[in-house]
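A structural walkthrough
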Amino acid sequence: MVHKILKTYIPAISMCFTVIILLAGIINLVTEGTKNLFIGFAFEVAGYLVLTCILDELIGRINFKTFLGHFFAEAALLYPVNLFFAVNLKWIGINTRSIILCSIVYFFVMAANHLYFYYMEKSSAEEINQLLEDWRDRNV
Amino acid sequence: MRLLLQHRKELQETEIEIRYPNMTEQITRLIQHIRQYDFMLEGFKEDKIYQIPLDQVCYIETIDRKTFIYSESNIYETRKNIQVMESELEETTIVRISKSQLLNITAVKSVKSYPNHRLMVELNNGEHLLVSRKYITDLKEKIRR
């Protein structure tokens, strides 16, 4: 069940949530023509996430030897991007408390993301090892 | 299943005959497995040409536009490029694992996850190879077949 939640429901909910919010925003813009603050924020976050995906792809070209190395390098390289968006697009106020809270949320989300993929890839490797064992039983 | 073995000196080459009442998945797999032994790759080493049985091949790799066949203890060069080899070996136990490498799944000891959505394969001879994220599904499908 845990595996099904992680492999099916979390990606499905995330994708549906994103599509619904963005489509609702587009419909709102087309039909009402007004700029809703929340919808504007949703589009900004979507743009920020697309940019982080591009940067992730570029960072991924570095041959990291450990999961922790990959996590720390990516978290450190994307942190200024996160702060730039958060401050310039006024997601947070420019004060110490807001910046600390934003940083905590950023590192929490980044760690959760990396942990999620670490777990999924580990279970994928276990599945392949099981398939290999079955394959050997069938063929030897 | 009954196993009959006959030693016949007059034969030029080994013959395998399978008699079955109905074709089953198990027999199909057995045939695929036997065919693997029949598959030979041509490689050269120090100007000598060798016929390498597929079951002895661990992996195939392209380095600087040259293609090499790696067995447990030898490295042979081949004149074919990796795309040609991949299509010729499509029905065998060979699968692409990166832009420049083909892997023989019979040579795999185990796999483990590796940073940046890749897999590290440990071969029976102790060598390690990386599977790019793009080819992980192909590897799984090949083992499932």
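This structure is a prediction, so every number in the text was calculated from the model and none was measured. (Residues numbered from 1 in each chain as written. Chains lettered and ligands numbered in written order. Predicted model: local features only at pLDDT ≥ 70, side-chain atom pairs only at ≥ 80, totals over all residues. Heavy atoms only, no water.)

1. Some remarks on the UniProt feature "domain: HTH LytTR-type" (unreviewed entry) in chain B
Formally: UniProt positions are given in the numbering used here, feature names are shortened, and annotations may be inferred rather than shown by experiment. Starting at the N terminus, helices and strands are each numbered in turn, a helix being any DSSP run of H or I of at least four residues and a strand any DSSP run of E of at least two.
This chain's UniProt record puts "domain: HTH LytTR-type" (unreviewed entry) on residues 41-145 of chain B. Secondary structure content for residues 41-145 of chain B is 15% helix and 51% strand, while the C-alpha to C-alpha distance between its ends is 22 Å.

2. Focus on unusual backbone geometry
Residue and element names in this part refer to chain B. So the rule is basically this: Classification of residues uses two cut-offs on accessible area relative to the type maximum, computed with a 1.4 Å probe and protein chains only: under 20% is buried, over 50% is exposed, and between them is partly exposed.
Residues other than glycine seldom take positive phi values, yet Asp47 does so here, at roughly 65°. In this fold, Asp47 is placed in the loop between strand S1 (40-45) and strand S2 (48-53). Exposure remark for Asp47: the relative accessible area of 78% places this residue in the exposed category. Within the chain, His117 stands out as a residue other than glycine whose phi angle is a positive 60°. Within the fold, His117 resides in the loop between strand S8 (108-114) and strand S9 (118-123).

3. Description of the pattern of salt bridges
Using the following cut-off: Each reported salt bridge corresponds to a side-chain nitrogen of Lys or Arg within 4 Å of a carboxyl oxygen of Asp or Glu.
In the structure shown here, the tally under the stated rule is 9 salt bridges over all chains. Close ionic contact of Glu127(A) with Lys140(B) constitutes a salt bridge, the shortest N to O distance being 3.2 Å. Of this pair, Glu127(A) sits in helix H4 (residues 96-139) while Lys140(B) sits in helix H3 (residues 136-144), each in a different chain. For Lys140(B), a relative accessible area of 14% corresponds to the buried category. Here Arg8(B) makes a salt bridge to Glu10(B), at a shortest N to O gap of 3.2 Å. One salt-bridge network, in which partners are shared between bridges, spans Glu127(A), Lys140(B), Glu141(B) and Arg144(B).

4. A short note on the interface of chain B and chain A
The condition that has to hold: Here a residue-residue contact requires only that any non-hydrogen atoms of the pair lie within 4.5 Å. We call two N or O atoms a polar contact when they sit within 3.5 Å, provided that within protein one can donate a hydrogen and the other can accept it, with sequence-adjacent residues counted only if both atoms are side-chain atoms. Three classes are used: nonpolar for Ala, Val, Leu, Ile, Met, Phe, Trp, Tyr, Cys and Pro, charged for Asp, Glu, Lys and Arg, and polar for all others, with Gly counted as polar.
The interface is formed by 25 residues belonging to chain B together with 23 residues belonging to chain A. Taken together, the connections running from chain B to chain A amount to 3 salt bridges. Inspection of the chain B/chain A interface yields 9 residue pairs in polar contact (both at pLDDT 80 or more). Elements with a contribution of two residues or more to the side of chain B that touches chain A: helix H1 (25-38), S8, S9 and H3 of chain B. Considering only residue class, the side of chain B that touches chain A consists of 10 nonpolar, 7 polar and 8 charged.

5. Topic: the nonpolar core
What counts is decided by this rule: For this analysis, a nonpolar core means a set of buried residues of the types Ala, Val, Leu, Ile, Met, Phe, Trp, Tyr and Cys, connected via side-chain atoms within 4.5 Å.
Ile128(A), Leu103(B), Leu123(B), Val131(B), Leu139(B) and Ile143(B) are the most contacted members of the largest nonpolar core, which totals 25 residues. Broken down by secondary-structure element, the contributors of at least two residues to this core are H4 of chain A together with strand S3 (57-63), strand S4 (66-71), strand S6 (94-98), S8, S9, strand S10 (128-131) and H3 of chain B. In terms of nonpolar packing, the next biggest core, distinct from the first, is built from 12 residues, Leu54(B), Val57(B), Ile94(B) and Leu102(B) among them.

6. Considering the environment of Arg144(B)
Tracing the chain through its elements places Arg144(B) in helix H3. Taking the C-alpha atoms as reference points, Arg144(B) and Glu10(B), 134 residues apart in sequence, are found 40 Å from one another. For Arg144(B), the contacting residues outside a window of four places in its chain are Glu127(A), Leu131(A) and Arg138(A).

7. A few points about the sheet that holds S10(B)
Residues and elements named next belong to chain B. Our working rule: The criterion for strand pairing is that DSSP finds at least two bridges linking the strands in question. Only the stretch in contact is used when fitting a helix axis, every axis being a line fitted to C-alpha atoms; angles between N-to-C directions are given from 0 to 180 degrees.
Ordered by their spatial adjacency, 3 strands build an open sheet running S8-S9-S10, and the pairing between neighbours is antiparallel. Each having just a single partner strand, S8 and S10 make up the two edges of the open sheet. Strand-to-strand twist across the sheet, computed as the mean angle between neighbouring axes with direction ignored, equals 25°. Bridge analysis of S8 against S9 gives 6 bridges, and the strand direction is antiparallel. From the neighbouring strand, Lys112 faces S9, where its bridge partner is Met120.

8. Structural notes on a nonpolar patch on the surface
What counts, and what does not: Patches in this entry comprise residues that are over 30% relatively accessible and not in a salt bridge; like charges within 9 Å are linked, as are nonpolar side chains (Val, Leu, Ile, Met, Phe, Trp, Tyr) within 5 Å. Using a 1.4 Å probe, the Shrake-Rupley method yields the accessible areas, and only the shown protein chains count as cover for residues.
Taken together, the side chains of Met1(A), Ile5(A), Tyr9(A), Ile10(A), Ile13(A) and Phe17(A) present a nonpolar region at the surface, about 640 Å² in accessible area. Position of Ile10(A) among the secondary structure elements: in helix H1 (residues 2-32).

9. A look at the confidence of the model for chain B
Which entries qualify depends on this criterion: The predictor attaches a confidence to each residue, and that confidence, scored 0 to 100, is pLDDT.
Of all residues in chain B, 99% attain a pLDDT of 70 or more, and the chain-wide mean is 89. Note on the complex model: pTM 0.74, ipTM 0.72.

10. Section: H1(A)
All names here are of chain A. Note the cut-off: The span one expects for a helix is its residue count, reduced by one, times 1.5 Å. Bend, at a single residue, is the angle you get between axes fitted to the 7 residues ending at that residue and the 7 residues starting at it.
Given a rise of 1.5 Å per residue, 31 residues ought to cover 45 Å, and the 42 Å separating the end C-alpha atoms of H1 matches this to within 8%. At Tyr9, H1 shows its largest bend, some 30°, and a proline, Pro11, comes one to four positions later. Along H1, the positions that sit buried rather than exposed are Leu6, Ile21 and Gly25. Gly33 sits one or two residues past H1 and shows a positive phi near 70°.

11. Observations concerning the pairing of S3(B)
Residues and elements named next belong to chain B. Burial of S3 is extensive: 5 of the 7 residues sit out of reach of the surface. Summarising the sheet, S3 and S4 pair through 6 bridges and their orientation is antiparallel. Bridge pairing in S4 links Val57 to Ser71. Count of turn residues in the S3/S4 antiparallel hairpin: 2 residues, of which Asp64 carries a positive phi of about 50°. As defined by bridge partners, S3 adjoins strand S7 (residues 101-104) across 3 bridges and the pair is classed as antiparallel. The residue of S7 that forms the bridge with Tyr59 is Leu103.

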